[in-house]
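Observations on the model geometry
Okay, here's what each chain looks like letter by letter:
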Amino acid sequence: MRCRLLALLLLLCLLCPPGAPAAAEAAPSPLFVQKVENLPEDFIFGMDASSVLAEEASGVIYRDAEGHPADVFRVLADAGITHIRVRVWNDPYDSKGHGYGGGNCDIDTAVEIGRRAAACGLGLIVDFHYSDFWADPGKQMVPKAWAGMTIEQKTEAVYEYTRSCLEQLKDAGVEVAMVQTGNETNQLLCGEKTWFNIQYLMQAGARATREVFPSALVALHFANPEREGAYATYARKMDYYQVDYDVFATSYYPYWHGTLDNLAAVLTEISETYGKKVMVMETSYAWTPEDSDFFGNTVGDGGAIVKDYPFTVQGQANCIRNITDTLVSRVPGAIGVVYWEGAWISVGTSSWEENHEKWETFGSGWASSYAAGYDPADAGKYYGGCAVDNQALFDPSGLPLDSLQVFRLLREGNAVPVAPDALEEVSLVCDLALPVVLPDTVNAVMNDNSRQPIPVVWNFTPEQEAAMRASGPAQYEILGQAGGMEAHAWVSMVYYNYLENNSFEEGDRAWTFTDLAHADELYVEDKKTDSLTGTKHAHFWSAARDSVEFTLEQRVEALPAGRYSFSVSIMGGDAGDQEIYAYVKEGDEIQASAPMSISAYGAWDTGLIPAFEHTEGAELTVGVYVRCQGAGSGAWGKIDDAKLNAVP
Ligand code: CA
């Protein structure tokens, strides 16, 4: 027993030698990192590592850069991380003691994480959710034990709970640097929905923190900085109620949370107006679109997300670097950035079944089935694994990604040659009637996040092209090679229409009406039921006989030489004696025409000129001539859907 204890102590000492120099003799990093100027010595680089114990229990082995098993907290410290953040749920267990998942992060978990972090010289940020499970802008459920309490009782409960938790941390020798009195509290907290009540709970948490850790910072944490005016409102409410806090913290997930410019502006306003410290309390970015644990991720390929960096290790590092630089160079009072769950990786690579067993047993997925009783609407339906394994800073084998070193490297910068890191996809619209011409270059996203065109070689045969042109409108993916990477071109084969505003959806733009007989009405009308395509069309009507005669034309600029067809459609009524035709003019000379006629409402007639030659530089105009005597009195009609297509 004693031997085993000694061996354990020895192992701990080896893993975390006290006062060991950070990153001794680290191998040169391949990461491009632009130095962040004027970075304060005490700037916080935090890592939320709440799931680490559940991950380790599930068999995850974290490694150092050489691939040797290592204490994850030592690996993080060596990479320049200064603080560990841990969430605390009151009671993330069902009545039989089964964990809800998400790391089963109760105070015991937090104490153990805090102890291990402290052993590696890392400070602790404690993130009280004041809930038994996930609290976020959409849900802030009251803990089971506090259900039904009055606000006075709940306030006392928050105070007692916070004090008790912090004392347990203190007794364990953990130095708490910061305490969050709530997580993403956008006007919801612990089942309360009014600031009037919420502020009591925040005050209670702050009071307990000041008593147990007088030097710790008290942070409030909000989400959605992109919502106009939201943060100014929150800060004003906090000021109005004189809520005790030091740090106004925000989540900032670049896919959803607006631009860095907006982030800087919003945080600067709060810092300058209220004299508060500000920080990014959660952020992350994907290094790959791929999932690795058989449970879908919050971001991947596709979806309506903003993607300012490629999903590569370098893109992930550039994102972290630019958030840091924005805070340091543009936001007064900014004190740090915390990366969210950078060590939450797959618990296995074999199968969903095997991972599911671990998620259920050790709480290493975002939610287990046991959470259903507490959170039936969300966890109860969608429980499973990790949804952010592709945003971690470790690969699925527990090896740190090069991007983890960005925290250490951005103090001095890391100069490596500028080189392609990813390729932008190419999107082309090609005319079925014409040869498919793929570009000679594609845009590369360089490791410094600049864009440069680089040569590309497409895997594209004449047989492939012929098949694409023969099969009608469709989209194709063509692959190629550029800069040692696979290039993608998405080619849409279409019957390309060389007319502008061909369906009059933009009014009469690009079209000219010439009224030759004083029609009463001659304009573009917005009426879907009378349109052939879209919702608009060219409309004419006249009350008197012999007052409908006009042309409707479009001058076609810069059309390549070749063979083309032109068509346009008409319908109407009361036309009487009529002369109507579609035409193609070169200069003032009509080169070709096709007759059309008006019969009845809804009976569209198309005038088609099947082929004409166009020579480069010739003045080409296409149009329709309409003259109607009127059957009884005047005539009326609609013109729509003009097409100028190349002819093979
Ligand atoms: Ca996943």
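The text that follows walks through the structure, step by step, so that each part is easy to find. (Residues numbered from 1 in each chain as written. Predicted model: local features only at pLDDT ≥ 70, side-chain atom pairs only at ≥ 80, totals over all residues. Heavy atoms only, no water.)

Turning our attention to helix α6 (residues 195–212). Given a rise of 1.5 Å per residue, 18 residues ought to cover 26 Å, and the 26 Å separating the end C-alpha atoms of α6 matches this to within 8%. Within α6 the residues assigned to the buried category are W195, N197, I198, Q199, L201, M202, A204, G205, A206, A208, T209 and V212. (Helix = DSSP H or I, 4+ residues; strand = E, 2+ residues; numbered from the N terminus. Expected span 1.5 Å × (residues − 1). Buried < 20%, exposed > 50% of the residue type's maximum accessible area, 1.4 Å probe, protein only.)

Let's shift gears to the packing of aromatic side chains. Aromatic ring pairs are defined here through the distance separating the ring centres and the angle between the ring planes. Going through the model one piece at a time under the given rule, you end up with 40 aromatic pairs. Taken together, the aromatic side chains of W89, Y100, F133, W134, W340, W344 and Y374 make up a single cluster linked through ring pairs. Its guanidinium or amino end placed over the ring of F213, K170 lies 5.5 Å from that ring's centre, counting from NZ or CZ. Above the ring of Y159, the side-chain terminus of R207 is found at 4.0 Å from the ring centroid. (Phe/Tyr/Trp six-rings, centres within 6.5 Å; stacked < 30°, edge-to-face > 60°. Lys NZ or Arg CZ within 6 Å of the ring centre and 35° of its normal.)

What follows is about the packing of helix α8 (residues 260–274) against helix α9 (residues 313–330). At a closest axis distance of 10 Å, the pairing of α8 and α9 adopts a crossing angle of 40°. For the crossing formed where α8 meets α9, the hand is right-handed. Counted together, L260, D261, A264, L267 and T268 of α8 and N322, I323, T326, L327 and R330 of α9 form the full contact between these two elements. Considering only residue class, the contact of α8 with α9 consists of 5 nonpolar, 3 polar and 2 charged. (Axes fitted to C-alpha atoms, helices over the stretch in contact; angles between N-to-C directions. Left-handed = near helix turned anticlockwise from the far one by under 90°. Contact = heavy atoms within 4.5 Å. Nonpolar A, V, L, I, M, F, W, Y, C, P; charged D, E, K, R; others polar.)

So, about a negative patch on the surface. Together, E290, D291, D301, E425, E477 and E486 give the surface a local cluster of negative charge. Along the chain, D291 falls in the loop between β7 (277–283) and α9. Judged by its relative accessible area of 32%, D291 falls in the partly exposed class. (Patch = residues over 30% accessible without salt bridge, like charges linked within 9 Å, V, L, I, M, F, W, Y side chains within 5 Å. Areas by Shrake-Rupley, 256 points an atom, 1.4 Å probe, with all protein chains shown as cover. Salt bridge = Lys/Arg side-chain N within 4 Å of Asp/Glu carboxyl O. Lys, Arg positive; Asp, Glu negative; His and termini not counted. Charge placed at Lys NZ, Arg CZ, Asp CG, Glu CD.)

Pairing geometry for strand β13 (residues 457–458) and strand β14 (residues 474–482), over 2 bridges, is antiparallel. Each bridged residue has a counterpart across the sheet, and for V457 the counterpart in β14 is Q481. Inspection of the sheet shows β14 paired to strand β15 (residues 485–494) by 9 bridges, in the antiparallel sense. Its bridge partner being in β15, Q475 is matched across the sheet by S492. Hairpin connection, β14 to β15: the antiparallel pair is bridged by 2 residues, and G483 has positive phi, about 55°. (Pairing = 2+ DSSP bridges.)

Tracing the sequence through the fold places D94 in the loop between β2 (83–88) and α4 (107–119). Here the alpha-carbon distance between D94 and D132, two residues 38 residues apart in the chain, equals 9.9 Å. Apart from the residues within four sequence positions on either side, D94 is in contact with Y100 and Y370. Looking at D94, its side chain comes within polar contact range of the main-chain nitrogen of K96, at 2.9 Å. (Polar contact = N/O pair within 3.5 Å; in protein donor to acceptor, adjacent residues only side chain to side chain.)

Right, let's talk about the layout of surface pockets for a bit. Gaps left between atoms are located by rolling a probe of water-molecule size over the structure's atoms. Roughly 670 Å³ of internal volume is contained in the largest pocket. Taken together, 29 residues line the largest pocket, and the ones lying closest to its centre are W134, D136, E184, T298 and W340. (1 Å grid on protein atoms, 1.4 Å probe; cavity = no way out; pocket = protein on both sides within 12 Å on 5 of 7 lines; lining within 4 Å. Points joined across faces, edges and corners; volume = space filled by probe spheres on them.)

Our next topic: the coordination of the calcium ion. Taken together, D291 (OD), D293 (OD), F295 (O), N297 (OD1), C386 (O) and D389 (OD) make up the protein donors of the calcium ion, found 2.2 to 2.3 Å from the metal. For the calcium ion, the 6 donor atoms in the first shell make angles of 76 to 176° at the metal, a pattern classed as octahedral. The motif formed by the donor residues of the calcium ion, counted along the single chain, is D-x1-D-x1-F-x1-N-x88-C-x2-D. Here N297 is found in the loop between β7 and α9, whereas its partner D389 is found in the loop between α11 (379–382) and α12 (406–409), with 92 residues between them in sequence. The exposure classification of N297 matches that of D389, with both residues buried. (Donors = N, O, S within 2.8 Å, 3.2 Å for Na, K, Ca; no water. Tetrahedral: all angles 85-135°; square planar, octahedral: opposite > 155°, others 65-115°.)

Moving on, we get to the packing of α4 against helix α5 (residues 151–171). Following both chains from N to C, one finds α4 and α5 inclined at 30°, their axes separated by 9 Å at the closest point. As the angle between them shows, α4 and α5 are arranged roughly parallel. As α4 runs across α5, the sense of the crossing is right-handed. Note on element contacts: α5 touches α4 through C165, Q168 and L169, opposite I107, D108, A110 and V111. When the residues that make up the contact of α4 with α5 are grouped by side-chain class, the tally is 5 nonpolar, 1 polar and 1 charged. (Parallel < 35°, antiparallel > 145°, perpendicular 65-115°, else oblique.)

Turning our attention to unusual backbone geometry. With a phi close to 55°, Q242 is a non-glycine residue in the positive phi region. Tracing the backbone shows Q242 in the loop between α7 (230–240) and β6 (247–251). Phi angles above zero are rare outside glycine, and F294 is one such case at about 70°. Considering the arrangement of structural elements, one finds F294 in the loop between β7 and α9.

On to the sheet that holds strand β22 (residues 589–596). Taken in spatial order, the 5 strands of this open sheet run β16-β19-β24-β21-β22, and their pairing is antiparallel. Looking at the sheet topology across the chains shown, the edges are occupied by β16 (512–515) and β22. Strand-to-strand twist in this sheet, taken as the mean axis angle between neighbours without regard to direction, amounts to 20°. Where β16 lies against strand β19 (residues 548–556), 4 bridges are found, and the strand directions are antiparallel. Bridged to T514 within β19 is T551.

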